[in-house]
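What follows is each chain in one-letter form.
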Amino acid sequence: MLVLTRKSEEAFRIGDDITVTVLGIRGNQVQIGISAPPEVRIYRGEIYEKIKAENIVSSGLTKDDFSKILEKVK
Amino acid sequence: MVAFETSRFGPIEVQENRIIRFPVGLLGFPRLNRYVLLDYKDTPLKWLQAVEDPDVAFIVTDPKTIAGEGTITLGDDVVRFLQLERDEDLAVLLMLRVDGDKVVANFNGPLAINSNRMVGVQAVVERA
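Residues numbered from 1 in each chain as written. Chains lettered and ligands numbered in written order. Predicted model: local features only at pLDDT ≥ 70, side-chain atom pairs only at ≥ 80, totals over all residues.

Asker: Is there a simple way to explain the overall build of chain A in this structure?
Answerer: Summing up its helical and strand segments, chain A has two helices and three strands in all. Going from N to C terminus, chain A has its helices and strands arranged as β-β-β-α-α. A globule of 74 residues ought to have a C-alpha radius of gyration of about 11 Å, yet chain A, at 20 Å, is considerably larger. With respect to the three principal axes, the spread of C-alpha positions in chain A is 55 × 30 × 25 Å. Considering chain A as a whole, with its 74 residues, one finds that 11% of them fall into the buried category. For chain A, restricting intrachain contacts to residue pairs at least 6 apart in sequence, the fraction spanning at least 24 positions comes to 0%. (Helix = DSSP H or I, 4+ residues; strand = E, 2+ residues; numbered from the N terminus. Rg over C-alpha atoms; globule rule 2.2 N^0.38 Å. Buried ≥ 20, exposed ≤ 12 C-beta atoms within 10 Å, placed from the backbone. Contact = placed C-beta atoms within 7 Å.)

Asker: I would appreciate a short explanation of the environment of Ala 91 of chain B in the present structure.
Answerer: All names here are of chain B. Position of Ala 91 relative to the elements: it lies in strand β7 (residues 90-99). Among the residues examined, Ala 91 registers 15 C-beta atoms within 10 Å and is labelled partly exposed. Counting along the chain gives 49 residues from Ala 91 to Asp 42, while the straight-line C-alpha distance between them is 19 Å. In this structure Ala 91 touches Ile 113 and Ser 115, once residues within four positions along its chain are discounted.

Asker: Mind showing me how you'd approach the interface of chain A and chain B here?
Answerer: When the parts come together, some accessible area is lost, and that loss is often what is quoted as the size of the interface. In this assembly, 25 residues from chain A lie in contact with 29 residues from chain B. Those elements giving two or more residues to the side of chain A that touches chain B turn out to be α1 (45-58) and α2 (63-73) of chain A. At 10 residues, α1 of chain A tops the list of elements feeding residues into the side of chain A that touches chain B. Broken down by class, the residue content of the side of chain A that touches chain B amounts to 12 nonpolar, four polar and nine charged. (Nonpolar A, V, L, I, M, F, W, Y, C, P; charged D, E, K, R; others polar.)

Asker: Is there a simple way to think about the environment of Arg 97 of chain B in this case?
Answerer: Note that Arg 97 of chain B resides in strand β7. Taking the C-alpha atoms as reference points, Arg 97 of chain B and Val 60 of chain B, separated by 37 residues in sequence, lie 8.9 Å from one another. Apart from the residues lying within four places of it in its own chain, the contact partners of Arg 97 of chain B are Val 57, Ser 58 and Leu 61 of chain A together with Ile 59 and Val 104 of chain B.

Asker: Can you help me understand the domain arrangement of chain A in this one?
Answerer: Segmentation of chain A into domains returns domain 1 (1-41) and domain 2 (43-74). For domain 1 of chain A and domain 2 of chain A, the distance between their C-alpha centres works out to 32 Å. (Domains from an automatic or database assignment.)

Asker: Would you take a moment to explain the nonpolar core for this structure?
Answerer: For soluble globular proteins, nonpolar side chains are generally found buried alongside one another. One finds Tyr 35, Leu 48, Ile 59, Val 60, Ala 112 and Val 121 of chain B to be the most contacted residues of the largest nonpolar core, which totals 34 residues. Residue assignment for this core shows that the elements contributing at least two residues are α2 of chain A together with β4 (34-39), β5 (45-50), β6 (57-61), α1 (76-82), β7 and β9 (111-114) of chain B. (Core = buried A, V, L, I, M, F, W, Y, C linked by C-beta atoms within 7 Å.)

Asker: Whenever I open this one, the sheet that holds strand β2 (residues 18-26) of chain A confuses me. Can you help?
Answerer: In a beta sheet, neighbouring strands pair by backbone hydrogen bonds and run either parallel or antiparallel. All names here are of chain A. Sheet architecture is open: three strands sit in the order β1-β2-β3, paired in antiparallel fashion. If you trace the sheet from one side to the other, it starts and ends with β1 (11-14) and β3 (29-35), each paired once. For this sheet, the mean angle separating the axes of adjacent strands, direction not counted, is 25°. (Pairing = 2+ DSSP bridges. Axes fitted to C-alpha atoms, helices over the stretch in contact; angles between N-to-C directions.)

Asker: Please clarify how unusual backbone geometry should be interpreted in this entry.
Answerer: All names here are of chain B. In this model, Lys 41 sits at a positive phi of 55°, which is unusual for a non-glycine residue. Relative to the elements of secondary structure, Lys 41 occurs in the loop between β4 and β5. For Lys 41, a count of 9 C-beta atoms within 10 Å puts it in the exposed group. Even without glycine at this site, Asp 42 takes up a positive phi of about 50°. Inspection of the secondary structure puts Asp 42 in the loop between β4 and β5.

Right, here's the structure in full:
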């Protein structure tokens, strides 16, 4: 992992299109601004992991699971 | 026509215009970029089958099928990503799965599709 140290209001660039700016630091919270093109999707790490885990479970359901779900939503 | 193999439904052949592109994939599946929505047994549920992986298919439904869960709010980032011009082009699908005896809908990660451009993205909804 690349580790950079930045002060408040300093930025770094990821490639040509993405800028990440440290907007402010308060206690143990850091406020970060990200400028990126619309095709770059940005997520909080923990929600990304949660949805990814749900997707992986959801990707492998069977026809039996389909019938079970159908019973419940009918 | 596009022909591909699926593990649940055998070989499938669909018109090219039925392919929904997910340019950045779904979370955890960044390299699966083409899906087809399959009706199944005349039910309100559908399968969203990956064209590029026979084993990957999601059970999805219109959110209206599931009663009483309020509205889903999509961010401007989703609208921009889909290059959505008209509201009526937007289709939203929720993934469903079983968890023991319960059915769980993934309200955090609804699928948003521009049905005019046939492009989709998994939105990330952080509910308060």
